[in-house]
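# Chains, contacts and geometry: an overview
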Amino acid sequence: MGWAADWIEQTTLWVRGVEGDKPGKDGVEQRPLAKRLEATLKRGQEALSPRELRRLLEDLQQVADASLSDVEGGRHAQLLMDWYAKAALPAHKDFWALIIEQFGPDATALQAARERYDKAGSDVERSEAEMGLRRALMSSRTRMLQRFAQPQGGMGFLVDMRAELLALPKAEQRYVALDAELEHLFSNWFDVALLELKSLNWDSPASLLEKLIKYEAVHDIRSWSDLKNRLDSDRRCYGFFHPRMPKVPLIFVEVALVDKMSDSIGPLLDESAAAADIAKANTAIFYSISNTQSGLKGVSFGDSLIKHVVETLTQEFPKLKQFATLSPIPGLRSWLSKHGDAVLAELDDKQKAALQAAAGGVDMAHLLAALDDPASLKEKSAVRQAAMFCAARYLGRETAKGRPLDAVARFHLGNGARVERLNWAADLSPKGHKQSMGLMVNYLYDLKRLDKHRSLLAQGKIPVSSEIESLCKS
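A brief look at the structure comes next. This one's a predicted model, so the numbers in the text were calculated from it and none came from an experiment.

## So, the overall build of the protein chain
Tallying secondary structure elements over the protein chain gives 22 helices and 11 strands in all. Scored against the burial criterion, the 474 residues of the protein chain give a buried share of 49%. If you take every contact in the protein chain between residues at least 6 apart in sequence, the share linking residues at least 24 apart comes to 73%. Carbon and sulfur atoms make up 50% of the accessible area of the protein chain, which amounts to about 23300 Å² in all.

Set out below in structure tokens:
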């Protein structure tokens, strides 16, 4: 039933897209476009007039027309893309609503096919019903979106359009059918087999280097000299590119080649530091991984990026034996603010007494206040030890539906890494302090144990090192 559950979920979304009146933003009733297209006198708050809607519908029909060649359909799509670029968000919403309501699957046929699948009593009947359900799900909307992807810039147009959809308030549910179909198409169009791994360096085109500055999401690139430092001889930067979006890396990773596992981001971002001797490098540190396209949310290729980069680095530097990250812990402080008191309650009496004396209280408010200057706290400080205990518990024990709570942890642990080491005062930037009181974490990619770690995670157990395991114990 795995595939069926996915298809049935999409069936629900697509059927919803062609049903009657739906409440819009703030609960205001929105008329289906079928009614608006028939309007001749009175208008509501629509961006486009009935006449403009009819013209837009005719243009969309040209794109979706099965009797036209893909080339001709793509030409009509280009004209609509030009119109869309000049239109404002309200007109975009009319455009999306037309696509959903006028070009989706036949709701009656789809419901019948779904009921037939649900009632199938044998493998043969179920196979036949499956094919019927697949055929019923096919629509002119799919062909239309495929033709929008054909002109130059068309793929980027669709990705940007989905980014607009995802940015809408959650209350606006009438467009979820289009979002679901775009995500389904993107999962095929952006399959890793179709992507190209490219090395980015200081000699890359300036327009491409500007993209790195624009999309860096972990540690802001402050200047061109900052970027140059990250592309120095002891660094590597790689990105995944799609042939239809050749000028934009979909995701990129910044790598430092060092002689040991890094415990602080400061030295890696220090522009005045001399480049390391790569002949002595035995460790690759992935210190920043950034997705650039919000419209590709739900399309995963980060794990493949790590694998490809490890293979590429190993070929260039056979001496590399250790692959690890130096990662932020973006959800730590927020989680501690809500659940930290319960964690601190697990400390033994001696630890509570020490924390009381050092912080003035055994609660998260006092602990966070005492962490205002983490660099000044010595290793045996009760405040520091309590914070490390809480962070280890957050990363090494806490899950939701069997998955790690922290988004960065979910990414790396899902790729087969393990929680290796917590690093105190590793990121003293305002952002680092706000997210995690300056703490950072190393995730280790032990190439011989990736499958083992994935298996543990599938059982709801977070793979951790002995050091993290020890910290988790009060």
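## Some points on the pattern of salt bridges
Counted according to the given criterion, the structure contains 23 salt bridges. Between glutamate 128 and arginine 116 there is a salt bridge, with its nearest N and O atoms 3.7 Å apart. Taken together, the residues span a long stretch of sequence, with glutamate 128 in helix α7 (residues 123–137) and arginine 116 in helix α6 (residues 107–119) at a distance of 12 residues. Given a relative accessible area of 42%, glutamate 128 falls into the partly exposed group. A salt bridge links arginine 454 to aspartate 451; the shortest N-O distance between them is 2.9 Å.

## A short note on the packing of aromatic side chains
On inspection of all chains with the given rule, the structure shows 12 aromatic pairs. Taking 5.6 Å as the distance between ring centres and 90° as the angle between the ring planes, the aromatic pair formed by phenylalanine 186 and phenylalanine 190 counts as edge-to-face. For the pair formed by phenylalanine 186 and phenylalanine 190, the shared burial category is buried. Judged by centre distance (5.1 Å) and plane angle (40°), the ring pair of tryptophan 335 and tyrosine 394 falls under tilted. One end of the pair, tryptophan 335, is in helix α15 (residues 332–344); the other, tyrosine 394, is in helix α18 (residues 382–396), with 59 residues separating them in the sequence. Grouping residues by exposure puts tryptophan 335 and tyrosine 394 together as buried. Here a set of aromatic residues connected by ring pairs shows up, and it is made of Trp83, Tyr84, Phe95, Phe148 and Phe157.

## So, the packing of helix α4 (residues 70–86) against helix α5 (residues 89–103)
Axis separation between α4 and α5 bottoms out at 9 Å; the angle between their running directions is 145°. Judged by residue contacts, Leu80, Trp83 and Tyr84 of α4 engage Ala91, His92, Phe95 and Trp96 from α5. By residue class, the composition of the contact of α4 with α5 is six nonpolar, one polar and no charged.

## A word on the pairing of strand β5 (residues 251–258)
The two faces of the sheet receive side chains in turn, since in a regular strand these alternate between them. With eight of eight residues buried, β5 is to be regarded as a mostly interior element. Taking every second residue as pointing to the same face, both faces of β5 are buried, with Ile251, Val253, Val255 and Leu257 on one and Phe252, Glu254, Ala256 and Val258 on the other. Note: strand β4 (residues 235–241) against β5, six bridges, orientation antiparallel. What sits directly across from glycine 239, in β5, is phenylalanine 252.

## Describing the nonpolar core
One finds Leu60, Phe95, Phe148, Leu158, Met161, Phe190 and Leu313 to be the most contacted residues of the largest nonpolar core, which totals 105 residues. Per-element tally for this core: the top contributor is α18, with 10 residues. Ignoring any residue separated from it by four or fewer positions in sequence, one finds leucine 313 in contact with Arg236, Tyr238, Val255, Leu257, Ala284, Phe286, Leu320 and Phe323. Val258, Tyr287, Met440 and Leu444 belong to the second-largest nonpolar core, a separate cluster that totals 13 residues.

## Considerations on the side chain of glutamate 420
Along the chain, the position of glutamate 420 falls in strand β10 (residues 418–423). Since its relative accessible area comes to 16%, glutamate 420 is described here as buried. Not counting residues within four places of it along the chain, the set of residues in contact with glutamate 420 comprises Met261, Asn442, Tyr443, Leu444, Ser465, Glu467 and Ile468.

The rules behind the values
- Residues numbered from 1 in each chain as written.
- Predicted model: local features only at pLDDT ≥ 70, side-chain atom pairs only at ≥ 80, totals over all residues.
- Heavy atoms only, no water.
- Helix = DSSP H or I, 4+ residues; strand = E, 2+ residues; numbered from the N terminus.
- Buried < 20%, exposed > 50% of the residue type's maximum accessible area, 1.4 Å probe, protein only.
- Contact = heavy atoms within 4.5 Å.
- Areas by Shrake-Rupley, 256 points an atom, 1.4 Å probe, with all protein chains shown as cover.
- Salt bridge = Lys/Arg side-chain N within 4 Å of Asp/Glu carboxyl O.
- Phe/Tyr/Trp six-rings, centres within 6.5 Å; stacked < 30°, edge-to-face > 60°.
- Axes fitted to C-alpha atoms, helices over the stretch in contact; angles between N-to-C directions.
- Nonpolar A, V, L, I, M, F, W, Y, C, P; charged D, E, K, R; others polar.
- Pairing = 2+ DSSP bridges.
- Core = buried A, V, L, I, M, F, W, Y, C linked by side-chain atoms within 4.5 Å.

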